[in-house]
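Chain by chain, the residues run as shown.
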Amino acid sequence: MGDLSVVDVGDVRLAYRTWGDSFGTPIVLLHGLGSSSASWEEAGQALGEEWRVYAIDLRGHGESDWPDEYSVELMRDDVYGFLDELELVDRVGVVGHGMGGVVAYLLAQEHADRVERLVMEETPPPFPAETPQAPVVHPDAPIDYDWPVVPAITKQLADPDPQWLEGLNEIVAPSLIITGGPDSSMSADRIAEMAVLIPDCHSVTISAGHHVHENHPREFAQQVSEFLSS
């Protein structure tokens, strides 16, 4: 596993894993809902061959604090504070999966001076849900995240703040959207609509379902590295 460390960001302690040369160009990885930095293990190792990789446990997940107060905006602010605390003062590459992609594009909207390039993997677009939201059910198996984070974030993603959509055309960072192909449960058409609204954005498909970086970590890392280097 990548080296695990912690840092205090305001009132929240965030855990994070690192890979790669400590003097390398930094990129930040943000996991999806109900996941953690551990999900990036293989992709993080691969990306660490070229970059200094930081994978954060977002609040309520993994080894970070579970403060029972959750929103993607709070997570965005946590990531911004993380960059300051680790003195990553220059712009960095930011890669987000699912919910983490939403956090990433909100960071790019709010703090354009800190995001060099933006990668969104299987990221929900900021459009209201086309069908009623199904009730979320606590799993029977043990979980390594705070359950209240799930209904809080699921509600936001189903009925997003209109400012998320309005802010897409304000993203100045070159952007890449990675989709999972026919095995993904996400609407390819809606993601394509989001891509059109971001000024400098293109998309690629890796047929791996929703968890592209876990199912095809090497191919994922190659696509990300090529984009970050272009």
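Because the structure is predicted, anything quoted here is derived from the model rather than measured. Per-chain numbering applies: the sequence of each chain, read as written, is numbered from 1 onward. In keeping with the predicted nature of the model, local features appear solely for residues at pLDDT of at least 70, side-chain atom pairs appear and are counted solely at 80 or more, and the whole-chain, interface and lining totals rest on all residues. Excluding hydrogens and water, the side-chain values take into account all heavy atoms of the structure.

1. A few points about the sheet that holds strand 4 (residues 52-56)
Reasoning step 1: Strand order in the open sheet formed by 8 strands is 1-2-4-3-5-6-7-8, with mixed pairing between adjacent strands. The open sheet has two edge strands, strand 1 (3-9) and strand 8 (201-205), and neither has a second partner. Across the sheet, the axes of successive neighbouring strands diverge by a mean angle of 25°, strand direction being ignored.
Reasoning step 2: For two strands to be treated as a pair, DSSP must find at least two bridges joining them. By definition, any uninterrupted DSSP run of H or I lasting at least four residues is a helix, any uninterrupted run of E lasting at least two residues is a strand, and each is numbered from the N terminus. Summarising the sheet, strand 1 and strand 2 (residues 12-19) pair through 7 bridges and their orientation is antiparallel. Considered in strand 2, the bridge of valine 6 is made with alanine 15.
Reasoning step 3: We call two residues contacting when some pair of their heavy atoms lies within 4.5 Å. Geometry is summarised by axes, namely lines fitted to C-alpha atoms with helices restricted to the contacting stretch, and by angles between N-to-C directions that run from 0 to 180 degrees. Against the sheet, helix 8 (residues 217-229) touches strand 3 (26-30), strand 5 (92-97), strand 6 (115-121), strand 7 (175-179) and strand 8, its axis set at about 150° to strand 6.

2. Notes on the packing of aromatic side chains
Reasoning step 1: Only the six-membered ring of Trp is used, alongside the rings of Phe and Tyr, when aromatic pairs are assigned; centres must lie within 6.5 Å, and planes under 30 degrees apart are stacked while those over 60 apart are edge-to-face, with the rest tilted. Here the structure, examined in full by the defined rule, presents 4 aromatic pairs.
Reasoning step 2: On the numbers, 6.3 Å between centres and 40° between planes, the contact of tyrosine 16 with tyrosine 54 is tilted. You can see tyrosine 16 sitting in strand 2 and its partner tyrosine 54 sitting in strand 4, a full 38 residues away along the chain. Like tyrosine 54, tyrosine 16 is buried.
Reasoning step 3: Among the aromatic side chains, those forming a connected cluster through ring pairs are Tyr16, Tyr54 and Phe82.
Reasoning step 4: In this analysis the charged atom, NZ for Lys or CZ for Arg, is taken to sit over a ring once it is within 6 Å of the ring centre and within 35 degrees of the ring normal. Between the NZ or CZ atom of arginine 52 and the centre of the ring of tyrosine 54, over which it lies, the distance is 5.3 Å.
Reasoning step 5: One cation-aromatic arrangement involves arginine 117 over phenylalanine 227; the distance from NZ or CZ to the ring centre is 5.1 Å. Exposure is judged per residue with a 1.4 Å probe applied to protein chains only, and the accessible area is read against the type maximum: over 50% gives exposed, under 20% gives buried, and values in between give partly exposed.

3. Points about the environment of glycine 100
Reasoning step 1: In this fold, glycine 100 is placed in helix 3 (residues 99-110).
Reasoning step 2: Along the backbone, glycine 100 and histidine 213 are 113 residues apart, and their C-alpha atoms lie at a distance of 13 Å.
Reasoning step 3: With residues near it in sequence (within four places) discarded, glycine 100 still touches Leu30, His31 and Gly32.

4. What about the environment of arginine 13?
Reasoning step 1: Position of arginine 13 relative to the elements: it lies in strand 2.
Reasoning step 2: Residues arginine 13 and proline 67, spaced 54 residues apart in sequence, show a C-alpha to C-alpha distance of 9.6 Å.
Reasoning step 3: In this view, arginine 13 contacts Val6, Val7, Asp8, Ser64 and Asp65; residues no more than four positions away in its chain are not counted.

5. Comments concerning the pattern of salt bridges
Reasoning step 1: The rule for a salt bridge is simple: a side-chain nitrogen of Lys or Arg has to be within 4 Å of a carboxyl oxygen of Asp or Glu. Tallied over the full model, the rule gives 7 salt bridges.
Reasoning step 2: Note that glutamate 49 and arginine 218 form a salt bridge whose closest N and O atoms lie 2.7 Å from each other. Taken together, the residues glutamate 49 in the loop between helix 1 (41-47) and strand 4 and arginine 218 in helix 8 connect sequence positions 169 residues apart.
Reasoning step 3: The exposure class assigned to glutamate 49 is exposed, which follows from its relative accessible area of 54%.
Reasoning step 4: As a salt-bridge pair, aspartate 77 and arginine 76 come within 3.0 Å of each other at their nearest N and O atoms.
Reasoning step 5: Look at arginine 76 and you get buried, because its relative accessible area is 14%.

6. With respect to the side chain of serine 184
Reasoning step 1: Of note, serine 184 is situated in the loop between strand 7 and helix 6 (188-197).
Reasoning step 2: Looking at serine 184, its side chain comes within polar contact range of the side chain of glutamate 122, at 2.4 Å.
Reasoning step 3: Not counting chain neighbours up to four residues away, the residues in contact with serine 184 comprise Glu122, Gly209 and His210. Pairs of N or O atoms are called polar contacts if they sit within 3.5 Å, as long as, within protein, a hydrogen donor faces a hydrogen acceptor (for residues adjacent in sequence, only side-chain-to-side-chain pairs).

7. A few points about helix 6
Reasoning step 1: Inspection of helix 6 places Arg190, Ile191, Met194 and Ala195 among the buried residues, and these make up the whole buried set. Down the axis of helix 6, the buried side of the element spans an arc of 145°, and every buried residue falls inside it. In helix 6, the exposed residues that point more than 90 degrees away from the buried face are Asp189 and Val196.
Reasoning step 2: Packing partners of the buried residues in helix 6 comprise helix 3, strand 7 and strand 8. The directions considered for the arc run from the helix axis to the C-beta atoms.

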